[in-house]
Every structure is written in structure tokens, then in C-alpha cells.
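The chain contents come next:
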Amino acid sequence: MMKTKTIFYSIIAVAMLLLSGCGSDNFEIDVALDNLGTQNLRFIYPANDALHSMWMPVVDGKCAFHGSSKEYTVVEVYTAKQVFLTCLAVKNGQKVEMRGDFLKPYTIELSGNDINEEVSEVLNRHAEEFAAQKYDKTDAAIEKFAAEKRNEALATDILIKYYYTRHSDADLLRVAQMRKSESVLFNAEGREMFYSEPESEKSLTSFLLYDQRCDSITSFIPSNSKVSILYFWDNDSSSRKDVINELKNLRKTYPKSDRLQIADIGFYNDSSDWKKVVKTDSVKWQQFWGIGGRLNSEVKRMGITKAPAYLVADSTGRMLYRGESLDAACAKIDSILKPKKQ
């Protein structure tokens, strides 16, 4: 009887071990960071033409995230305050380990494949320069890597995340051309995925995004007002300040929130950059962080393909206007809310 029990428990132990590992249909990111404590982490990655996002609870600086992507994908990791921490490459069947000090993100070591080890080597070697914001030196290091490692396309794409002048298309393309990238960010298939017209819903339904006012994930509900207007923008929207002022004037014209609901959605990869911009607005409406831009699953179903853009909907969610003209959007709002002449 004792022998039978021993065999039984041995089988259970082996089964548990197999189930806890990463199978061929998923990947695992194993996190163990000093000074992380119980701060939750957010993991975001694209796969199957959608952007996947999940918060993971952390205990004693440790957690394990599981996802799925048949091909290599780039997973971005954010802190509980929505600050970018690190990013890494992974695909199904792989286990990536994150080790180091949460308070020193550039020293975090990533493993699991050659791509992560290449990225870690560059970031770790120049950690002090990154932390001191010596971007001339860090940019030079990334450009050197791109020139010398022409076959390391995905590793270079990850390092572009840390390229100070990364917001300039010219600079991005210059770095990409150094190693003749065949990665998703720059090849024809990738451009098609980023810029093609998405399938969208015909009506605006409630959605969840990170809200600056509440400093948390909150919902936008069209039925809360007779008409709603959404303003989509990115870091290249040069007329943004003018648009914000126009929206402020629109709010003065229609001050009651149950008649007009305003919100803006910023397409930024780094939440700290986005927060710096919106904190200067001094507005009372919801301001959302639309990480991933039009690949964000919430944004994608609205049919937004570029920024700046505007979407107007009524209380039932029926889209009344979707396009690039603020004047046209305001005209649609006036046609509904402006008192009719007797």
C-alpha cells in the first residue's frame, strides 16, 4: 500500500511539473526583481493582429506571465504607475527570465533566446548612460549595434524603443536601413498591418482605457450623454494645442456633460511622455492613454486608422461622424445640440 501511494504521488508531482512549464502553444515570462515588492506589472504584446494586455499580481517581487504567439513578438512591460520598464522578444515554447533590480531597469538581465541576450548586453553595458540621459552616447551605441549586427533585425527593433530620436521617422528609417531590416516594423507586410483599414464596428460601445484623471483603467460610456466626441492624437499632431482649445470652447458652448461628453485618446508608447503632455492641458474631460495606437483592440474596433482623427456618436453609440476634420465634427454636434430657430 505504501509503495502504491509513493507511485501515485510521484505521478502527481510529474504532472504538476509538466503543467507548470511553458508548452508549445504558449510562452512564459518569469519575473524575479529586487525592490519590486507587490507592485503589479502590466504585459502588452501584439499577436494575431490584435494587442493583448494583462495585469499580473506580484508577490515578493515575483510573478509569471503566460501568453501565446506562434511567431516572435515583442512584449512590453509596464509598472503599476504605467511607466515603461522593459521589453523583450519571445514566442511559443520559450521561457524568458527577468532578473535584476526594479529600481535600475537598464541593468535588468533578460534570457530565453539570443535576441534578449543581445538587447540586454547593450542596455546593461550602457546602463549608467541611459540612467543619466546621455542620449548622444546611447543613440550612438544603438546605431553601432544596428550597423554591426545587420542580421539581428528584431533585436535592433527592440533597441529602437530606447532610441532617443525614435519619434522621428527619418531617424528610425536611417537605423533600419543600416541592417536592411526584414522585421514586422519595416517590411511590406508590417506596413500593411499598421496602416491598412481595420474592420470596425458600426457603433461606438463602451470601452476601457487608462485615464489620466483617475490614474487607473476606467470606462467611457456613450449613453452618459446625448452626444460624444472623441479626439485621437499622437506625438506628431502639431496642431494638438489648437484642437484642445477648440474643444474647451466647445465645452463652454455646451457645458452640461449629460448633453456633450468629450474625451481625447493619445497614441503614445511611453506613458511618462504622454502624461507630460496631458498634464499641461488643464481640462476636465477624460484623457485616455491609447497604447499601441490603432492596433489597440479598443481603438481598432472604432475604425481609427490615423491621427489626428475625430469620432462623434449619439447616446445609443450610433456613429454620426468619423474623420479628420474638427470643423465637420463640431458641425455635426451643433446640428444636434444647438437650439433650433423658431
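Right, let's walk through the structure included here. These numbers were taken from a predicted model, which means no experiment stands behind them.

Some words on the overall build of the chain
Moving on, step 1. Looking only at helices and strands, the chain has 11 helices and 15 strands in total.
Moving on, step 2. Burial status across the chain gives 47% buried among its 342 residues.
Moving on, step 3. For the chain, contacts bridging at least 24 residues in sequence account for 60% of all contacts bridging at least 6.
Moving on, step 4. For the chain, the exposed surface amounts to about 18,100 Å²; the carbon and sulfur share of it is 52%.

Topic: the pairing of strand β2 (residues 41–47)
Moving on, step 1. Most of β2 sits inside the fold, with 6 of its 7 residues counted as buried.
Moving on, step 2. Of the pairings in the sheet, the one linking β2 to strand β3 (residues 50–56) comprises 7 bridges and is antiparallel in character. Bridging across to β3, Pro46 finds its partner in Leu51.
Moving on, step 3. Here β2 hands over to β3 after 2 residues, with Asn48 in that stretch at a positive phi of 55 degrees.
Moving on, step 4. Across 3 bridges, β2 lies against strand β5 (residues 73–78) in antiparallel orientation. The residue bridging Ile44 from the neighbouring strand is Glu76, located in β5.

Quick look at helix α2 (residues 114–125)
Moving on, step 1. Under the 1.5 Å per step criterion, the end-to-end length of α2 is 16 Å for 12 residues, consistent within 8% with the ideal 16 Å.
Moving on, step 2. Residues of α2 that are buried: Ile115, Asn116, Glu118, Val119, Ser120, Val122 and Leu123.
Moving on, step 3. Check the buried side of α2 and you find it contacts β6 (84–90), β7 (95–101), β8 (109–110), α3 (127–131), α4 (135–148) and α5 (153–160).

Focus: the pairing of strand β14 (residues 309–314)
Moving on, step 1. The buried count for β14 comes to 6 of 6 residues, which makes it a mostly enclosed element.
Moving on, step 2. Taking every second residue as pointing to the same face, both faces of β14 are buried, with Ala309, Leu311 and Ala313 on one and Tyr310, Val312 and Asp314 on the other.
Moving on, step 3. Relative to β14, strand β11 (residues 227–234) runs antiparallel, the two being bridged by 6 bridges. Residue pairing for β14: Ile229 is matched across the bridge by Val312.

Focus: the packing of α4 against α5
Moving on, step 1. As a packed pair, α4 and α5 sit with axes 10 Å apart at the nearest point and diverge in direction by 165 degrees. Compared by their axis directions, α4 and α5 come out roughly antiparallel. Note on packing geometry: the crossing formed by α4 with α5 is left-handed. Residues Ile142, Phe145 and Ala146 of α4 pack against Ala155, Thr156 and Leu159 of α5.
Moving on, step 2. By residue class, the composition of the contact of α4 with α5 is 5 nonpolar, 1 polar and no charged.

Criteria and thresholds
Residues numbered from 1 in each chain as written. Predicted model: local features only at pLDDT ≥ 70, side-chain atom pairs only at ≥ 80, totals over all residues. Heavy atoms only, no water. Helix = DSSP H or I, 4+ residues; strand = E, 2+ residues; numbered from the N terminus. Buried < 20%, exposed > 50% of the residue type's maximum accessible area, 1.4 Å probe, protein only. Contact = heavy atoms within 4.5 Å. Areas by Shrake-Rupley, 256 points an atom, 1.4 Å probe, with all protein chains shown as cover. Pairing = 2+ DSSP bridges. Expected span 1.5 Å × (residues − 1). Axes fitted to C-alpha atoms, helices over the stretch in contact; angles between N-to-C directions. Parallel < 35°, antiparallel > 145°, perpendicular 65-115°, else oblique. Left-handed = near helix turned anticlockwise from the far one by under 90°. Nonpolar A, V, L, I, M, F, W, Y, C, P; charged D, E, K, R; others polar.

Everything listed here is a matter of geometry and, on its own, says nothing about what the molecule does.
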